[in-house]
Number of protein chains: 2
Amino acid sequence: MSALAIKTPKGQQTRSNILETALGLFQERGYDQTTMRAIAAEAGVSLGNAYYYFASKEVLIQGFYERTHHEHLAACAPILETETDLQRRLLGVMRAKLETIEPYHRFAGVLFKTAADPSSPLNPFSDESRPVREEATNVFARVVEGSSAKISKRLGPELPHLLWTYHMGIILFWIHDTSPGRTNTVRLVEQTVALVARLIAMARLPMMRPLIGRALRLVSDLRASEGAGA
Amino acid sequence: MSALAIKTPKGQQTRSNILETALGLFQERGYDQTTMRAIAAEAGVSLGNAYYYFASKEVLIQGFYERTHHEHLAACAPILETETDLQRRLLGVMRAKLETIEPYHRFAGVLFKTAADPSSPLNPFSDESRPVREEATNVFARVVEGSSAKISKRLGPELPHLLWTYHMGIILFWIHDTSPGRTNTVRLVEQTVALVARLIAMARLPMMRPLIGRALRLVSDLRASEGAGA
DNA sequence: GTCTATAACCGGATAGAC
DNA sequence: GTCTATCCGGTTATAGAC
């Protein structure tokens, strides 16, 4: 259904040609204003041929995910290698994320629109996007592991997933953020990263035990039962 | 642009006829499987006539919102009138919500897909949906006011909005919940309502002051600057 | 001015020939 | 693997009828 195997080098060539053309046009004039006919024409292939490689206009978006994810990884590397303070590590990673996706904000609406559809393979909770999701979660695992912070034993294993969820919430906000340069989201990140760091520290207090225990049991239960959120 | 004034009784009649037909077909065969031509045919009017009353297929969804909102209000009334425990009030309201929207789960994905688009007037953060949003927030204000719980002075004014945001998060989870009868979401609500109640109580502790203060300042700043989330 | 109908247009998607 | 021809459904233009 989805990824048909492209055999020949020529096929590879045509495929990536179409993809690059599409991403360029999306960024230039937006998703809705870019027709499949325009993509095909600009790429120098027929409409039917474009559909041979990409089952729908939507799946072209997957290329966007892959591209920005790799850009984000690159942008994160310096902080993850040098910084040891947990709060600053998280802040660096989140800032890098916002900077990476900023050029695409104008068609972010469409992204979230498709991402919100539970039946779409593009939605971040779907089976199909598990690899991407796990790679992204892994970034947050590295944020925690590479830091000097002491983490509550029970919180530790869940923390990367919790941070990934937090990061999705920020992106949701970012999508709806109309402030110039998305400064509201930047402020939100700065403030909430501080809160998150504070909460992580507080989680070690004995008086927090019952609350934390309950919350963590819930979270891990939900992840175990799969198919719905987180 | 949007709401054209329908003057004659005959016009009113035709309009509501189309709307009821549409909602029926949506529930029966789903949103995507229901064409505007089918709606028009079933309602006994021409395609052009349907578009005279409803500018697009999407705006027919507004009827769904209004309908479920009123059903929810009705379903909440008993709890809001009798119960005084904050946690149980909130739980009752949230359960009522889930029960109200359950029949529509099969096409909820599409509904919220369009609702998620920042440029759509249907999205819950838009200016156009402010009235609905405020009405919904008001339900949570009543949850708090009618309870016997003591609320931190500074938390009080923000609490209804925070609860509304919480409720939106639950709905997002619900959309992606594939467990039979959405039992996962019900469990999530039961657990998180308990956590929320606990957090509200904790917010009065002196040691929480700086954390709470910081969080609340952030939240009210963001709402003041409008245009992005919450 | 209020309402209704017919005939396009446009763009995503598919069928099938080469 | 690539094309042309076509379908299909949301949307619009426009011509009239009450």
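Residues numbered from 1 in each chain as written. Chains lettered and ligands numbered in written order. Predicted model: local features only at pLDDT ≥ 70, side-chain atom pairs only at ≥ 80, totals over all residues. Heavy atoms only, no water.

Take the interface of chain A and chain B next. On the chain B side, the residues contacting the 41 residues of chain A number 39 residues. For the pair chain A and chain B, the summed buried area comes to about 3,600 Å², and 69% of that belongs to carbon and sulfur atoms. Close ionic contact of Asp117(A) with Lys113(B) constitutes a salt bridge, the shortest N to O distance being 3.6 Å. Our count for the contact surface shared by chain A and chain B stands at zero residue pairs in polar contact (both at pLDDT 80 or more). Elements supplying a minimum of two residues to the side of chain A that touches chain B: helix H6 (108–116), helix H8 (159–175), helix H9 (183–202) and helix H10 (209–225) of chain A. Top contributing element to the side of chain A that touches chain B by residue count: H9(A), with 10 residues. Broken down by class, the residue content of the side of chain A that touches chain B amounts to 22 nonpolar, 10 polar and nine charged. (Contact = heavy atoms within 4.5 Å. Buried area = accessible area lost by both parts, 1.4 Å probe. Salt bridge = Lys/Arg side-chain N within 4 Å of Asp/Glu carboxyl O. Polar contact = N/O pair within 3.5 Å; in protein donor to acceptor, adjacent residues only side chain to side chain. Helix = DSSP H or I, 4+ residues; strand = E, 2+ residues; numbered from the N terminus. Nonpolar A, V, L, I, M, F, W, Y, C, P; charged D, E, K, R; others polar.)

Looking now at the relation of the copies chain A and chain B. The two copies are related by a screw operation: chain A maps onto chain B through 180° of rotation and 0.2 Å of translation along the axis, at an RMSD of 0.3 Å. Look at the turn and shift together and you get a two-fold axis relating the two. Of every C-alpha in chain A, the one belonging to Lys113(A) sits nearest the axis of rotation, 2.3 Å from it. Interface residue correspondence from chain A to chain B reaches 95%, placing this contact among same-surface, isologous pairings. (Least-squares fit on C-alpha atoms with pLDDT ≥ 70 in both.)

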